[in-house]
Amino acid sequence: MATLTRPATLSIETFRAPGEGCLGYLVVDEPSRTALAIDPRLDQVGAFQETLAARGVRLTHVLDTHTHADHLSGVRMLARRTGATVMAHAASKLAGTVERVTGGTTFELGTSPVSVLDAPGHTPDSLAVLVDGHLFTGDALFARGAGRTDFMGGSASDLYDTFRRFEALPDATVVHPGHDYAGQATTTIA
Amino acid sequence: MRERDRAALVARLAVKGVPPANMSAVLRHNLGESESPTVAPRDLATLRDADPRLFLLDVRSPLEFESERIEGSTSVPFETLDARADELPADADIVVVCRTGVRATIAAETLARVGRHAQVLEGGILGWRRAGLPLREGKKRLPVDRQVQLIAGTMILTGVALGTLVNPWFLALAAFFGAGLTFAGATGTCGLALVLLRMPWNRLSAMPADGTATCAAGAASTCAAPATPEK
């Protein structure tokens, strides 16, 4: 697990699954001590909870950037244990109590505004999360690669349009992908 | 992006690959269509004494099972569970065990499909150990990928040393193992791992269903397309 700290308001903890390169994130708004969990794996739920407890942070939101097909999601278990709100893209078929979001949705993580971007291509229900210059791209865009589009309703054409959407963001935007297949966990839009 | 040709990039992004393993069970879980209840290690330890119908089903590989297990558990490796589900006692309260809880969750989904209810040990064997509960220790073995690294590294070092000190032809030994590792990395098939899996000390190790062996678990990129977009 690595910690990347930006001045004052935001810190980001990265949770890496050994061997498979899956990356999950805990985005913490430091002034309010509230957090958003992104793509927690089922086998990382304990680690997320330990980090929350160790840092004295309250989890308010948890989401998957898309319906994962390659590993078990810990979203519902983490939400159940912490009381956090589960969020998912409006196109997701996730059952249960879920706050549906789509491109353009914004919400507050404590003092930090969070924006949701549509990111279809890898799956139709893919989303990206933008907070304080950090873009969480899930399996749409990796540090040196792209998500596959050949199952679960994926679309190469949609993924191309998603890249165009990302390209419109400032060059300094830091990209946090859902995998580090190329051995690189972050990059920038530039 | 430097590559402005939409059609060309879309074609590169549209490459087809092999679907991730156990995708349907994973999707059922991730979409909330089914969820196997979990049992905490401490609760399981109590249940084990109180419930005579409790059946601890360990779905790890035979090699992992032999290395350490919960006393009284039964080994049915994950890969064989589909075929052997009818061997499980009919009236048992099944608790599925694996290393972390992931394989056990998928196994419980598999059992649910054939009408068998099962709970999952939360955190798996690692969680059981973290809770300070006893494990029956067996014979420890190095994982095959580490055996490969050990042998290949030793051979390369030996080849370089003998090639420098005795005869340059010994460098061929280092080159051979270097080429083998490169081939394994490029193709995901490791000849040395295949040989090692057949050695007596690894005899219990489960072979992958397709008969191949990779040098590292999870080496395949299940979510990445071969195409690389450029900006």
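Position labels on residues start from 1 in each chain and follow its written sequence. Each chain is given a letter, starting from A, and each ligand a number, starting from 1, according to the order in which they appear as written. Predicted model: local features are reported for residues with pLDDT of at least 70 only, side-chain atom pairs are reported and counted for 80 or more only, and whole-chain, interface and lining totals are derived from all residues. The side-chain values count all of the structure's non-hydrogen atoms but skip hydrogen atoms and water molecules.

## Points about the sheet that holds strand β15 (residues 187-188) of chain A
All names here are of chain A.
Then comes step 1: Paired strands, as defined in this entry, are two strands with at least two bridges between them according to DSSP. Secondary structure counts use DSSP, requiring at least four H or I residues in a row for a helix and at least two E residues in a row for a strand, with both numbered from the N terminus. Pairing in this open sheet of 6 strands is mixed, and the strands run β8-β9-β10-β11-β14-β15 from one edge to the other. Either end of the sheet is taken by a strand with one partner, and the two such strands are β8 (106-109) and β15.
Then comes step 2: Direction of pairing for strand β9 (residues 112-118) relative to strand β10 (residues 127-131): antiparallel, over a ladder of 5 bridges. Directly across from L117, in β10, lies its bridge partner A128.

## Points about the sheet that holds strand β2 (residues 54-58) of chain B
Then comes step 1: If you trace the 5 strands from one edge of the open sheet to the other, you get β1-β6-β5-β2-β4 (chain B), paired in parallel fashion. What marks the edges here is a single partner per strand, and that holds for β1 (38-39) and β4 (74-75) of chain B.

## Points about the pairing of β2(B)
All names here are of chain B.
Then comes step 1: Among the 5 residues that make up β2, 5 are buried, leaving the element largely enclosed by the rest of the structure.
Then comes step 2: With a 1.4 Å probe rolled over the protein chains alone, any residue whose accessible area is under 20% of its type maximum counts as buried; one over 50% counts as exposed, and the rest are partly exposed. Burial along β2 is two-sided: L54, L56 and D58 facing one way and F55 and L57 facing the other are all buried.
Then comes step 3: Where β2 lies against strand β5 (residues 93-97), 5 bridges are found, and the strand directions are parallel. Within β5, the residue paired with L54 across the bridge is D93.

## Observations regarding the environment of A:D158
All names here are of chain A.
Then comes step 1: Checked against the element boundaries, D158 lands in helix α3 (residues 156-167).
Then comes step 2: C-alpha of D158 to C-alpha of T51: the two residues are 107 residues apart in sequence and 36 Å apart in space.
Then comes step 3: In what follows, residue pairs with any heavy atoms lying within 4.5 Å of each other are defined as contacts. What D158 contacts, discounting residues up to four positions off in sequence, is P120 and G121.

## Remarks on the environment of B:K139
Residue and element names in this part refer to chain B.
Then comes step 1: Take K139: it is sitting in the loop between β7 (136-137) and α8 (144-165).
Then comes step 2: Note on K139: relative accessible area 52%, which makes it exposed.
Then comes step 3: Counting along the chain gives 38 residues from K139 to G101, while the straight-line C-alpha distance between them is 23 Å.
Then comes step 4: Not counting the four nearest positions on each side in its chain, K139 is found in contact with E66 and S67.

## What about the side chain of A:D64?
Residue and element names in this part refer to chain A.
Then comes step 1: As for its placement among the helices and strands, D64 is situated in the loop between β5 (58-63) and α2 (75-82).
Then comes step 2: This count recognises Lys and Arg as positive and Asp and Glu as negative, with His and chain-terminal groups excluded. Every case where a carboxyl oxygen of Asp or Glu lies within 4 Å of a side-chain nitrogen of Lys or Arg is listed as a salt bridge. Buried charge D64 goes without a salt bridge, the closest partner of opposite sign being R76 at 7.5 Å.
Then comes step 3: Polar contact is the term for a pair of N or O atoms within 3.5 Å; when the atoms are in protein, one must be able to donate a hydrogen and the other to accept it, and sequence-neighboring residues count only if both atoms are side-chain atoms. Side-chain polar atoms of D64 contact the side chain of S73, separated by 2.6 Å.

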